[in-house]
Amino acid sequence: MKMGIVGLPNVGKSTLFNAITKAGAESANYPFCTIEPNVGVVGVPDKRLDFLATMYSPKKYTQAVVEFVDIAGLVKGASKGEGLGNKFLSHIREVDAVIHVVRCFEDPDVVHVDGSVDPLRDIETINYELIFADIETVDKRIDKTTKMLKTGDKKYQSELNVLNKIKDVLEKGEPARKADISEDEAELIKDMSLLTDKPILYAANVSEDDLANGLEGNPYIEKLQKIADSEGAELLPVSAKIEEEISQLDSDEKKEFLAALNLTESGLDRLVKKSYKLLGLISFLTAGSDEVRAWTIKKGTKAPQAAGKIHTDFERGFIRAEVISFADLENCKSMVTAKEKGLVRSEGKEYVMQDGDIVLFRFNV
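Residues numbered from 1 in each chain as written. Predicted model: local features only at pLDDT ≥ 70, side-chain atom pairs only at ≥ 80, totals over all residues. Heavy atoms only, no water.

(A) Spatial organisation of the overall build of the protein chain. When helices and strands are counted, the protein chain shows 15 helices and twelve strands. In the protein chain, which comprises 365 residues, the share counted as buried stands at 48%. Of the roughly 18200 Å² of accessible surface on the protein chain, a fraction of 48% belongs to carbon and sulfur atoms. (Helix = DSSP H or I, 4+ residues; strand = E, 2+ residues; numbered from the N terminus. Buried < 20%, exposed > 50% of the residue type's maximum accessible area, 1.4 Å probe, protein only. Areas by Shrake-Rupley, 256 points an atom, 1.4 Å probe, with all protein chains shown as cover.)

(B) Examining the nonpolar core more closely. Membership of the largest hydrophobic core comes to 71 residues, with the highest contact counts inside it found for Phe 68, Ile 99 and Tyr 202. Take this core: its biggest share by element is six residues, from helix H11 (residues 267-279). Those residues within four positions of Tyr 202 in sequence are excluded, and the remaining contacts are His 100, Val 102, Ile 123, Asn 127, Arg 177, Ile 227, Ala 228, Glu 231, Ala 233, Glu 234, Leu 235 and Leu 236. Ile 142, Ala 179, Met 192 and Leu 194 belong to the second-largest nonpolar core, a separate cluster that totals 15 residues. (Core = buried A, V, L, I, M, F, W, Y, C linked by side-chain atoms within 4.5 Å. Contact = heavy atoms within 4.5 Å.)

(C) View of the environment of Ser 239. Note that Ser 239 resides in the loop between strand E7 (234-238) and helix H9 (240-246). The class of Ser 239 is buried, set by a relative accessible area of 1%. Spatially, the C-alpha atom of Ser 239 lies 9.0 Å from that of Ala 203, the residues being 36 residues apart in sequence.

(D) View of a negative patch on the surface. On the surface, a cluster of negative charge is made up of Asp 250, Asp 252, Glu 253 and Glu 256. Exposure remark for Glu 253: the relative accessible area of 39% places this residue in the partly exposed category. (Patch = residues over 30% accessible without salt bridge, like charges linked within 9 Å, V, L, I, M, F, W, Y side chains within 5 Å. Salt bridge = Lys/Arg side-chain N within 4 Å of Asp/Glu carboxyl O. Lys, Arg positive; Asp, Glu negative; His and termini not counted. Charge placed at Lys NZ, Arg CZ, Asp CG, Glu CD.)

(E) Focus on the packing of aromatic side chains. Tallied over the entire structure, the rule returns six aromatic pairs. Cluster of aromatic residues (ring-pair linked, three or more members): Phe 284, Trp 295, Phe 318 and Phe 361. The aromatic ring of Phe 105 is capped on one face by Arg 103, whose charged end is 4.6 Å from the ring centroid. Sitting over the face of the ring of Trp 295, Arg 293 holds its NZ or CZ atom 3.9 Å from the ring centroid. (Phe/Tyr/Trp six-rings, centres within 6.5 Å; stacked < 30°, edge-to-face > 60°. Lys NZ or Arg CZ within 6 Å of the ring centre and 35° of its normal.)

(F) Here's a closer look at the side chain of Asp 122. Within the secondary structure, Asp 122 is located in helix H4 (residues 119-148). Of the polar contacts made by the side chain of Asp 122, one reaches the side chain of Arg 121; its length is 3.2 Å. (Polar contact = N/O pair within 3.5 Å; in protein donor to acceptor, adjacent residues only side chain to side chain.)

(G) Local environment of the environment of Thr 146. Secondary-structure assignment places Thr 146 in helix H4. Along the chain, Thr 146 and Leu 160 lie 14 residues apart, while their C-alpha atoms are 7.2 Å from each other. A polar contact of 2.6 Å, which involves the side chain of Thr 146, links it to the backbone oxygen of Ile 142.

(H) Broad picture of the pairing of E7. Burial analysis of E7 places five of its five residues in the buried class, the great majority of the element. Sheet topology note: the strand E6 (residues 200-205)/E7 ladder contains five bridges and is parallel. The residue bridging Leu 201 from the neighbouring strand is Glu 234, located in E7. (Pairing = 2+ DSSP bridges.)

(I) Geometry of the packing of H4 against helix H8 (residues 221-231). Viewed as axis vectors pointing N to C, H4 and H8 meet at an angle of 30°, and their least axial separation amounts to 10 Å. With respect to each other, H4 and H8 are oriented roughly parallel. Here the hand of the crossing between H4 and H8 comes out right-handed. Across the interface between the two elements, Pro 119, Leu 120, Ile 123 and Asn 127 from H4 touch Lys 223, Leu 224, Ile 227 and Glu 231 from H8. (Axes fitted to C-alpha atoms, helices over the stretch in contact; angles between N-to-C directions. Parallel < 35°, antiparallel > 145°, perpendicular 65-115°, else oblique. Left-handed = near helix turned anticlockwise from the far one by under 90°.)

(J) The arrangement of unusual backbone geometry in detail. In the Ramachandran plot, Ser 193 falls in the positive-phi region, its phi being about 50° despite a non-glycine side chain. Counting through the fold element by element, Ser 193 comes out in the loop between helix H6 (183-188) and E6. Backbone geometry places Asn 262, a non-glycine residue, at a positive phi of 60°. With respect to the helices and strands, the residue Asn 262 is situated in the loop between helix H10 (251-260) and H11. Under the relative-accessibility criterion, Asn 262 is labelled exposed at 65%.

(K) The arrangement of the side chain of Asn 205 in detail. Mapped onto the elements of the fold, Asn 205 is located in strand E6. You can call Asn 205 buried: its relative accessible area is 4%. Polar side-chain contacts of Asn 205 include one of 3.0 Å to the backbone nitrogen of Ala 240. Filtering out sequence-adjacent residues up to four positions away, Asn 205 remains in contact with Val 11, Gly 12, Val 101, Val 102, Arg 103, Cys 104, Phe 105, Val 238, Ser 239 and Ala 240.

(L) Geometry of the packing of H4 against helix H5 (residues 154-171). In the contact formed by H4 and H5, the axes pass within 10 Å of each other and the chain directions differ by 155°. As judged from the angle between their axes, H4 and H5 are roughly antiparallel. When the axes of H4 and H5 are compared, the crossing they make is left-handed. Across the interface between the two elements, Ile 131, Asp 134, Ile 135, Val 138, Asp 139, Arg 141, Ile 142, Thr 145, Thr 146 and Met 148 of H4 pack against Tyr 156, Glu 159, Leu 160, Leu 163, Asn 164, Ile 166, Lys 167, Leu 170 and Glu 171 of H5. Looking at the contact of H4 with H5 residue by residue, the class counts come to ten nonpolar, three polar and six charged. (Nonpolar A, V, L, I, M, F, W, Y, C, P; charged D, E, K, R; others polar.)

(M) The sheet that holds strand E4 (residues 65-70), seen in detail. As summarised here, the arrangement of the six strands in space is E2-E4-E1-E5-E6-E7, forming an open sheet in which the pairing is mixed. Lying at the two open borders of the sheet, with one neighbouring strand each, are strand E2 (38-43) and E7. Each strand of the sheet is rotated relative to its neighbour by a mean of 25°, with strand direction disregarded. Here strand E1 (residues 2-6) runs beside E4; their pairing, made up of four bridges, is parallel. Within E4, the residue paired with Lys 2 across the bridge is Glu 67. Against the sheet, H4 engages strand E5 (97-103) and E6, with an angle of about 145° to E5.

Note that all results are geometric; they support no functional claim without further evidence.
Quick look at the structure:
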């Protein structure tokens, strides 16, 4: 899972990236501090995996991972190459989803590239630049597809119909993900990697006080929620400053710090959960004395394909999956007790994997 962190300069983008990855990207109070994208790979926090590690004392403990990419701050005119526009846009094409950091705090010591704090204007600025870039991409593809129509292949007519549908939406100032197209139609233009077709999560960067007070008094959150709802996007209020402080604490200090702020989990934990939901992902687990491990799959994946994530031979020679839900194992405290109670199920090729399934795949090649 590759998440691109974007936003206008000085909205807290690199501070948030530093906090969640501890990668030490440069973060300073001036635009274009980030030029080349910084990349950090983060293990996905998972208490279920911790429980299994306590149970099995494995030689190896392997979390699922998320790759975060901190992309240069965007400015008005980026689609025409302003600022670092073209570089920014090429980096965004490579990610699975976009985390759009929006500044929702006042601070006279932190300059805003447009002179004042206005999250709705900031979102509009970035969205329009991405839309303009997508219109250019779609126009080029329409020209190419129109020429290919002469071959008589009907698929090009279908492709042209989809492109025109998307162009209509973009020209109304709406993102491509709002276009009413079927899964089959989406497949025809999948290779275009349209910027506004990527799932988006708005990270509302609020002050420490706002987060500690349950966001009461912050005038921006409700407005941002309406934007997120209208786009089928996710919204996550987070304080980049708090996350930066948390990243420097050990486990016990972190718990005390969060409790003092009336928080049960860090922004990173919430960010990963929201990212999984946004991309329709779940985790299944494998456990034993050699290794406990989390594996990321798409929701709706069947057992043989999940087995294939571990090794292609597992999918090719799939016989059955021996499955227990994490909740059942946690209640039983041991696999022996779980088996005695008949809670370990034998599932076949049509079984649809569930989040938190603990699995042993049987196969024969």
